[in-house]
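# Coordinates in review
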Amino acid sequence: MEDRHRRAMACKDHAADGVSATREYVEAALGLEVWAHHLYQQAMAAPHEGAGGQGHGIG
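A few points on the structure. What you see is a predicted model; the values in this text were computed from it and never measured.

## Structural notes on helix α2 (residues 19-44)
Between its first and last C-alpha, α2 extends 37 Å over 26 residues, near the 38 Å set by a 1.5 Å rise per residue. Those residues of α2 that sit buried are A21, A28 and L32. Buried residues along α2 sit against α1 (2-13).

## Overview of the pattern of salt bridges
Counted under the stated rule, the structure contains two salt bridges. Between E2 and R6 there is a salt bridge, and its shortest N-O distance comes to 3.8 Å. With E2 and R6 both in helix α1, this residue pair falls four residues apart, about one helical turn. Classification of E2 by relative accessible area gives exposed; the value is 58%. Residue classification places R6 among the partly exposed positions, given a relative accessible area of 48%.

## Considering the environment of A8
Along the chain, A8 turns up in helix α1. By relative accessible area, A8 is classed as buried at 1%. Separated by 24 residues in sequence, A8 and L32 have C-alpha atoms that sit 7.5 Å apart. Sequence-distant contacts of A8, defined by excluding residues within four places in its chain, comprise Y25, A28 and A29.

## A closer look at a nonpolar patch on the surface
Taken together, V26, L30 and V34 make up a surface patch of nonpolar side chains, about 250 Å² in accessible area. Turning to its location among the elements, V34 is positioned in helix α2.

## With respect to the environment of R7
In this fold, R7 is placed in helix α1. Considered as a pair, R7 and Y25 are 18 residues apart in the sequence and their alpha carbons are 8.4 Å apart. Ignoring anything within four residues of it in the chain, the contact list for R7 reads E24, E27 and A28.

Conventions used here
Residues numbered from 1 in each chain as written. Predicted model: local features only at pLDDT ≥ 70, side-chain atom pairs only at ≥ 80, totals over all residues. Heavy atoms only, no water. Helix = DSSP H or I, 4+ residues; strand = E, 2+ residues; numbered from the N terminus. Expected span 1.5 Å × (residues − 1). Buried < 20%, exposed > 50% of the residue type's maximum accessible area, 1.4 Å probe, protein only. Contact = heavy atoms within 4.5 Å. Salt bridge = Lys/Arg side-chain N within 4 Å of Asp/Glu carboxyl O. Patch = residues over 30% accessible without salt bridge, like charges linked within 9 Å, V, L, I, M, F, W, Y side chains within 5 Å. Areas by Shrake-Rupley, 256 points an atom, 1.4 Å probe, with all protein chains shown as cover.

Have a look at this one:
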C-alpha cells in the first residue's frame, strides 16, 4: 500500500508538467483507489464469500 501511495504522491508533484505526466498521476491515483476499494470489499465480505469453489451444500 505504501508503494502505491508513494507513487501517486510522486506523480502528483509532476502532474502539471504536461498531459503525459497528468495521465501518469491519474493512473497512479486511480490504481490506488481501486486497490483500496477491493481491499475494503474483501474486509467487509462474509467469510468465504466470493472465494469461488463449490460451497458446502448447506442452506
